[in-house]
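Below are the chains, spelled out letter by letter.
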Amino acid sequence: MTLDEKLSLVHGYFGASLKGAPPPMNATPPKEALGGAGYVPGVSRLGVPALQESDASLGVANGGNMRPGDQATALPSGLATASTWNPQLAHDGGAMIGTEAHAKGFNVLLAGGVNLARDPRNGRNFEYLGEDTLLAGVMAGESIAGIQSRHVISTVKHFAINDQETGRMTLSSDIDEKAMRETDLLAFEIAIERGKPGAVMCSYNRINGEYGCENDFLLNKVLKGDWAYPGWVMSDWGGVHSTVKAAMGGLDQESAHTFDKQDFFGAPLKAAVESGQVPMARLDDMAGRILHSMYAVGVVEHPPVKRDIDKAAHAAVAQKVAEEGAVLLKNEGGLLPLAAQAKSIAVIGAHADVGVLSGAGSSQVISYGGSALELPGKGAFGGLFKIVYHASSPMKAIAAAAPGAKVSFSGGQDIAAAVAAAKQAEVAIVFAEQWQTEIQDAPNLSLPDGQDALIAAVAAANPRTIVVLQTGNPVLMPWLSNVGAVLEVWYPGQRGGEAIANILFGKVNPSGKLPISFPQSEAQLPRPKIPGSELKFVLFGGNDPLFSVPYPEGSEVGYRGFEARGQKPLFPFGHGLSYTHFTYGGLKVAGGETLKVSFTLTNAGAREGMEVAQVYATPPGQQRRLIGWKKVALKPGETRKVEVSADPRLLAEYDVKAPGWRVSAGDYAVAVGASSADLRLNGASRVTATLLKP
Ligand code: BGC
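Remember, it's a predicted structure, so these values are computed and weren't measured experimentally.

Engineer: Hey, could you run me through the overall build of the protein in this one?
Structural biologist: Along the protein, the regular secondary structure elements total 16 helices and 30 strands. Scaling as 2.2 N^0.38, a compact globule of 694 residues should have a C-alpha radius of gyration of about 26 Å, and the protein matches this with 25 Å. Counting only C-alpha atoms, the protein reaches 80 × 60 × 50 Å along its principal axes. A buried classification covers 64% of the 694 residues belonging to the protein. Expressed as a percentage of contacts within the protein between residues at least 6 apart in sequence, the contacts between residues at least 24 apart total 76%. Entry remark: accessible area of the protein is about 23,100 Å², with carbon and sulfur atoms responsible for 55%. Placing the 61 positive and 67 negative side-chain charges of the protein at their respective mean positions leaves the two points 4 Å apart.

Engineer: Please clarify how the environment of Glu210 should be interpreted in this entry.
Structural biologist: Locating Glu210 in the fold gives a position in strand β9 (residues 210-211). Here the alpha-carbon distance between Glu210 and Ser173, two residues 37 residues apart in the chain, equals 9.3 Å. Look past the residues within four positions of Glu210 in its chain and what remains in contact with it is Asn205, Asn215 and Lys245.

Engineer: I would appreciate a short explanation of the side chain of Glu254 in the present structure.
Structural biologist: In this fold, Glu254 is placed in the loop between α8 (244-249) and α9 (267-274). No salt bridge is formed by the buried Glu254, whose closest oppositely charged neighbour, Lys261, lies at an N-O distance of 12 Å. In terms of polar contacts, Glu254 uses its side chain to reach the backbone amide nitrogen of Phe265, at 2.7 Å. Ignoring anything within four residues of it in the chain, the contact list for Glu254 reads Val10, His11, Gly12, Ser235, Val240, Asp260, Gln262, Asp263, Phe264, Phe265 and Gly266.

Engineer: Quick question: what am I supposed to make of the sheet that holds strand β25 (residues 639-645) here?
Structural biologist: Strand pairs in the sheet, formed through backbone hydrogen bonds, run parallel or antiparallel to each other. Overall, antiparallel pairing links the three strands, which are arranged β21-β22-β25 in an open sheet. Strand pairing shows two members of the sheet lacking a second neighbour, β21 (582-590) and β25, which therefore form its edges. Recorded for the sheet is a direction-independent mean angle of 20° between the axes of neighbouring strands. The pairing of strand β22 (residues 596-603) with β25 spans seven bridges and is classified as antiparallel. Each residue of the ladder has a partner; that of Thr600, found in β25, is Lys641.

Engineer: What am I meant to see in the domain arrangement of the protein here?
Structural biologist: The accessible area lost on association of the parts is a frequent measure of interface size. Taken domain by domain, the protein holds domain 1 (1-41 + 207-299), domain 2 (322-504) and domain 3 (582-692). The distance between the C-alpha centroids of domain 1 and domain 3 comes to 42 Å.

Cut-offs used in this document
- Residues numbered from 1 in each chain as written.
- Predicted model: local features only at pLDDT ≥ 70, side-chain atom pairs only at ≥ 80, totals over all residues.
- Heavy atoms only, no water.
- Helix = DSSP H or I, 4+ residues; strand = E, 2+ residues; numbered from the N terminus.
- Rg over C-alpha atoms; globule rule 2.2 N^0.38 Å.
- Buried < 20%, exposed > 50% of the residue type's maximum accessible area, 1.4 Å probe, protein only.
- Contact = heavy atoms within 4.5 Å.
- Areas by Shrake-Rupley, 256 points an atom, 1.4 Å probe, with all protein chains shown as cover.
- Lys, Arg positive; Asp, Glu negative; His and termini not counted.
- Charge placed at Lys NZ, Arg CZ, Asp CG, Glu CD.
- Salt bridge = Lys/Arg side-chain N within 4 Å of Asp/Glu carboxyl O.
- Polar contact = N/O pair within 3.5 Å; in protein donor to acceptor, adjacent residues only side chain to side chain.
- Pairing = 2+ DSSP bridges.
- Axes fitted to C-alpha atoms, helices over the stretch in contact; angles between N-to-C directions.
- Domains from an automatic or database assignment.

Rendered as structure tokens:
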């Protein structure tokens, strides 16, 4: 390849037009660009195709400026996928997105978000997969593998510790190496091992003072060194801050250069290579890594082919994820499932007459059939995005499930009207919502817009009140003891309405489990106030204030932190109810180099159902953590043997000096159960000492 050909591969364009944005962000995209988030010209002389990139956390994204008029299948949010604890469904969702991308002409998807939920107010948690390293890593890896099975490259993102949106362009995530390796980095490592993503997207934030996209430690030492990652590192949009430092720090490709303060990998990189500041060997490596992934994933031999999409089959995937990802948090006295013979139902709130809520930002998908409703976004940056409701009406699906019932709807703004409707009905279903978007965090853990008062008033009027939550994060529930049932459906995607009705009426037995702890208050969090929340930020490229986000919880993220601090959450990690019940027995724990655990699981109820049986271990001197799980489908009375073997890195502590994963010799307690707090079986075994390489 000529110098210019190599340089052109490492220099990306924004693929759509950002009219109204300040120059140069409003630049006209190259005419070959398909209108996704990114475009990198190919080398036609050598048969190397262009990279056509689209966002794709939850479907082939097409919100905002992206290809107006386009539609795609909208999966439920990442937290819903994580709540299924079903790796096959994560794979199926990925394969669905990959198929649509391929049929729309894209060969790179900006998917695979695996940042850990260190803060339950992070505005992007809905795109990610929760607070646990193993669960998030496995589910992200499966979704990436699904995408790439369709010859479309997937990223894994945002590398790394990009765990809040407030001040994301300038904050420094300050965290020691041991804690980082044991949590967020291990989630990336597991996702990369399982999914083999063609690219890694480095993050906006700084990590211990160094920007993610010029972070020698993360990119060169950990990713390309310790993990021997063969693919390429692409920058997040507007995440590049230098030429030589970034190229030598491990960045292989500048994405959408008009988003950066200046063009760093265009003419300046050419000059740096010509002057020898960036050796030609490094440029060869950068271009070589991109080509490696293109051939490894098959984008050259199997280029995208524009073709029809099997929308019904894809909608069915979205519905299945919504059904398995809904978490039944509370169900007092068997209020749910509802009987199809119900006579009158009051449906209240959250535009449940027309649709279901979606999260916003670069992941926005406008689903097939078009949105039911689009409202202006809220919050400091919220105005950049719309509040989109997919056209899947829970109310209509409820009416179809209870054909003889009188189903009323009230919007919820008028509390008196909602109360009057609830009083007249056999059962009241309040839909509550929390809209979240990229770029801003939730200001607190409370449901916004007076919805707590609405729920409390409806619950006082009708003891048979069910709350359906559509949220991007955990929320507080001051009314919890007064309602009969609570179903968390996250953002349930374009078949959310049907999925909700199927669960409410028992056509589907809920099997989702929380991938994130629900706190009782902000005071329980390691950072009760969001760092930087008092500062002012601009969108891209401004001179935003530099500030630090400390991570005092270190390795003890989420439920591990709650346990370490002796706090009881509102709902624990792993919690989720079913319409049947399961019993556990016959625990056997074998030790040695790792832990091998087996036990039996029985469906002791009268309905068919699925249980997510979770295995936790407490290595000596450490906090308990998830080491494995199995999701098992059982008929009434059926018993199955379950076996789980631990990845030894989950038993180890990361020894920075050695360096490596140090498994200590000793007795390891093992607990098996239905959630991190509902442990039914206890055992232990001796594990031998080992040191595994980083
Ligand atoms: C987001 C990325 C996204 C990119 C392109 C950025 O603002 O952080 O997740 O892939 O934009 O849209």
